[in-house]
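Coordinates in review
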Amino acid sequence: MSHPDTTTETRVMTPEKLALMVELLPTADSLRDIASILSVHLDVVRRASAPFLALMKLNGTHPQCGCGKDRFHPYGCADSRAKSWPADCLPGQTRAGTVVMLERRRVAVEMLTQGQRFCDVDRALGMHKGTAKYYLRYLTPDQLAKRERNQRERAAKPVRCAA
Ligand SMILES: [Zn+2]
């Protein structure tokens, strides 16, 4: 976070960053972690995450803090202040989860660019059926064009989808 506070980049939540934020919300330890991964201000993440967290709350999928409250609850947490998270919080694990998520995305983008079918990407990455489609948003226009080319080539010698 060496950028000065005034740079526009750290003030703007681009669609790409918003998508990544939504992806990180369930496993991130803190909004501060998300802000640092996205290179945006904590305030930006606070504002942008509020409606999503409200929805998760409604759906009963809001991530929980080790203390039993909703994660990201205000005023900090006795647990995190003491740096002694209870076993069910596993900060190490959620950080590892973030690494896994980013790696999974890298592979998904690569496979999609190669023109692979959604069902094959889902299967290769052990994701729920239909998840791969979601990763299309991470492809650059260049990669999308490449995907279309590769798909046309694959269409010439189709492989049955086993799903
Ligand atoms: Zn707490």
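Shown above is the structure to which this text applies.
Anyway, here's the lowdown on the structure attached to this text. The shown structure was predicted, so the numbers you read here are calculated from the model rather than taken from an experiment. (Residues numbered from 1 in each chain as written. Predicted model: local features only at pLDDT ≥ 70, side-chain atom pairs only at ≥ 80, totals over all residues.)

Re the overall build of the chain
Counting its regular elements, the chain contains 7 helices and 0 strands. Counting from the amino terminus, helix and strand elements in the chain follow one another as α-α-α-α-α-α-α. Sorting the 163 residues of the chain into buried and exposed places 14% on the buried side. Of the contacts made within the chain by residues no fewer than 6 positions apart, 49% connect residues no fewer than 24 positions apart. (Helix = DSSP H or I, 4+ residues; strand = E, 2+ residues; numbered from the N terminus. Buried ≥ 20, exposed ≤ 12 C-beta atoms within 10 Å, placed from the backbone. Contact = placed C-beta atoms within 7 Å.)

Overview of unusual backbone geometry
With a phi close to 60 degrees, S39 is a non-glycine residue in the positive phi region. At F72, a residue that is not glycine, the phi angle is positive and equals roughly 70 degrees. For F72, the location among the structural elements is in the loop between α3 (42-59) and α4 (78-81). On the neighbour-count criterion, F72 (21 C-beta atoms within 10 Å) is buried.

What to know about the packing of helix α1 (residues 15-24) against α3
Between α1 and α3, the least distance of the axes is 11 Å, while the angle of their chain directions is 60 degrees. Here α3 runs oblique to α1, going by the angle between their axes. The interaxial crossing formed by α1 with α3 has right-handed handedness. On α3, the residues touching L18, M21 and V22 of α1 are V45, A48, S49 and F52. By residue class, the composition of the contact of α1 with α3 is 6 nonpolar, 1 polar and no charged. (Axes fitted to C-alpha atoms, helices over the stretch in contact; angles between N-to-C directions. Parallel < 35°, antiparallel > 145°, perpendicular 65-115°, else oblique. Left-handed = near helix turned anticlockwise from the far one by under 90°. Nonpolar A, V, L, I, M, F, W, Y, C, P; charged D, E, K, R; others polar.)

Some details on the nonpolar core
Counting 12 residues, the largest nonpolar core consists of M21, L24, L25, A28, L31, I34, A35, L38, V40, V44, V45 and F72. Contributing elements (two or more residues each) for this core: α1, α2 (31-38) and α3. In terms of residues, this core owes the most to one element, α2, which gives 4 residues. (Core = buried A, V, L, I, M, F, W, Y, C linked by C-beta atoms within 7 Å.)

Digging into helix α7 (residues 141-156)
Its 16 residues give α7 an end-to-end C-alpha distance of 23 Å, which sits within 8% of 22 Å, the value for a rise of 1.5 Å per residue. In terms of burial, α7 is largely open, as just 0 of its 16 residues are buried. (Expected span 1.5 Å × (residues − 1).)

Remarks on the environment of P15
By secondary structure assignment, the location of P15 is in helix α1. Remark: the alpha-carbon pair of P15 and R137, spanning 122 residues in sequence, is separated by 9.3 Å.

Examining the environment of M127
Relative to the helices and strands, M127 is located in the loop between α6 (118-124) and α7. Residue class for M127 comes out partly exposed when judged on the 16 C-beta atoms lying within 10 Å of it. Taking the C-alpha atoms as reference points, M127 and R104, 23 residues apart in sequence, are found 9.8 Å from one another. Contacts of M127, omitting those with residues within four sequence positions, involve D122 and A132.

Topic: α2
Residues of α2 that are buried include every one of L31, I34, A35 and L38, and no others. For α2, the buried positions fall inside an angular range of 100 degrees around the axis, keeping them on one side. Elements in contact with the buried residues of α2: α1 and α3. Among the residues trailing α2, S39 stands out with phi positive, at a value near 60 degrees. (Arc of directions from axis to C-beta.)

What about the environment of K133?
The topology assignment puts K133 in the loop between α6 and α7. When the C-alpha positions of K133 and V121 are compared, they lie 9.0 Å apart, and in sequence the two are 12 residues distant.

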